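Here is what each chain is made of, one letter per residue.
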Amino acid sequence: GSSTCSPSSSSPSSFSTPHSHRPESASAHLDAEDPEAVRGWEAQSGVCGLGNLGNTCFMNTAIQCLARTKPLRDLFLSPSLPSLLRPANPLGSKGRVAAAFATLLRMMGRKAAKAARRSN
């Protein structure tokens, strides 16, 4: 799928990912820092939006609100996130929902960083 962010627009632009993207495990790849994603959020916070797939606008609004909550975003971008997950909890999602949100935040941040580089 294609992903775009436009730092020159006043409204969020489209950001979409392939439907087949699934984290291989809850903490895979999340224990390393992602400085590009962090830079993207610092430079272009809120510029990168989510594309609607059918009637996903309400879900996208909730995700954008969560993503723009800096303390929450910082936690999910932190390399210490995997140590906070409880994949053995039989009632939970094995950390997959948290890992997917962290992956989405990283992808959005990297796209925003790319857009910021293009605008400079």
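Use the structure listed above.
Below or above, wherever it landed, is the structure these notes cover. (Residues numbered from 1 in each chain as written. Predicted model: local features only at pLDDT ≥ 70, side-chain atom pairs only at ≥ 80, totals over all residues. Heavy atoms only, no water.)

## Regarding the packing of aromatic side chains
Within this structure, the stated rule accounts for one aromatic pair. A centroid spacing of 5.0 Å and a plane angle of 85° characterise the contact between Phe76 and Phe101, whose relative ring orientation is edge-to-face. Of the two residues, Phe76 is situated in helix α3 (residues 70–77) and Phe101 in helix α5 (residues 96–119); the sequence distance between them amounts to 25 residues. The exposure class assigned to Phe76 is buried, which follows from its relative accessible area of 13%. (Phe/Tyr/Trp six-rings, centres within 6.5 Å; stacked < 30°, edge-to-face > 60°. Helix = DSSP H or I, 4+ residues; strand = E, 2+ residues; numbered from the N terminus. Buried < 20%, exposed > 50% of the residue type's maximum accessible area, 1.4 Å probe, protein only.)

## Quick look at the layout of surface pockets
Here the second largest pocket is characterised by a volume of approximately 150 Å³. The set of elements that each furnish at least two residues to the lining of the second largest pocket consists of α1 (35–44) and α3. Class assignment for the residues of the lining of the second largest pocket results in five nonpolar, one polar and six charged. (1 Å grid on protein atoms, 1.4 Å probe; cavity = no way out; pocket = protein on both sides within 12 Å on 5 of 7 lines; lining within 4 Å. Points joined across faces, edges and corners; volume = space filled by probe spheres on them. Nonpolar A, V, L, I, M, F, W, Y, C, P; charged D, E, K, R; others polar.)

## Thoughts on helix α2 (residues 57–67)
Looking only at α2, the buried set comprises Asn60, Ile63, Gln64 and Ala67. All buried residues of α2 project into a common sector of 100° when viewed along the axis, lining one side. (Arc of directions from axis to C-beta.)

## As for the packing of α3 against α5
The geometry of α3 relative to α5 is characterised by a closest axis approach of 9 Å and an angle of 100° between their N-to-C directions. On the basis of their axis angle, the class for α3 and α5 is roughly perpendicular. Residues Leu72, Arg73, Phe76 and Leu77 of α3 touch α5, and the partners they reach there are Ala98, Phe101, Ala102, Leu105 and Arg106. (Axes fitted to C-alpha atoms, helices over the stretch in contact; angles between N-to-C directions. Parallel < 35°, antiparallel > 145°, perpendicular 65-115°, else oblique. Contact = heavy atoms within 4.5 Å.)

## A closer look at the nonpolar core
With 17 residues, the main nonpolar core has Trp41, Phe76, Leu81 and Leu105 as its most contacted residues. Elements supplying a minimum of two residues to this core: α1, α2, α3 and α5. Looking at this core element by element, the count peaks at seven residues for α5. (Core = buried A, V, L, I, M, F, W, Y, C linked by side-chain atoms within 4.5 Å.)

## Looking at unusual backbone geometry
Although it is not a glycine, Lys94 adopts a positive phi angle of roughly 65°. Looking at the element boundaries, Lys94 is found in the loop between α4 (81–84) and α5.

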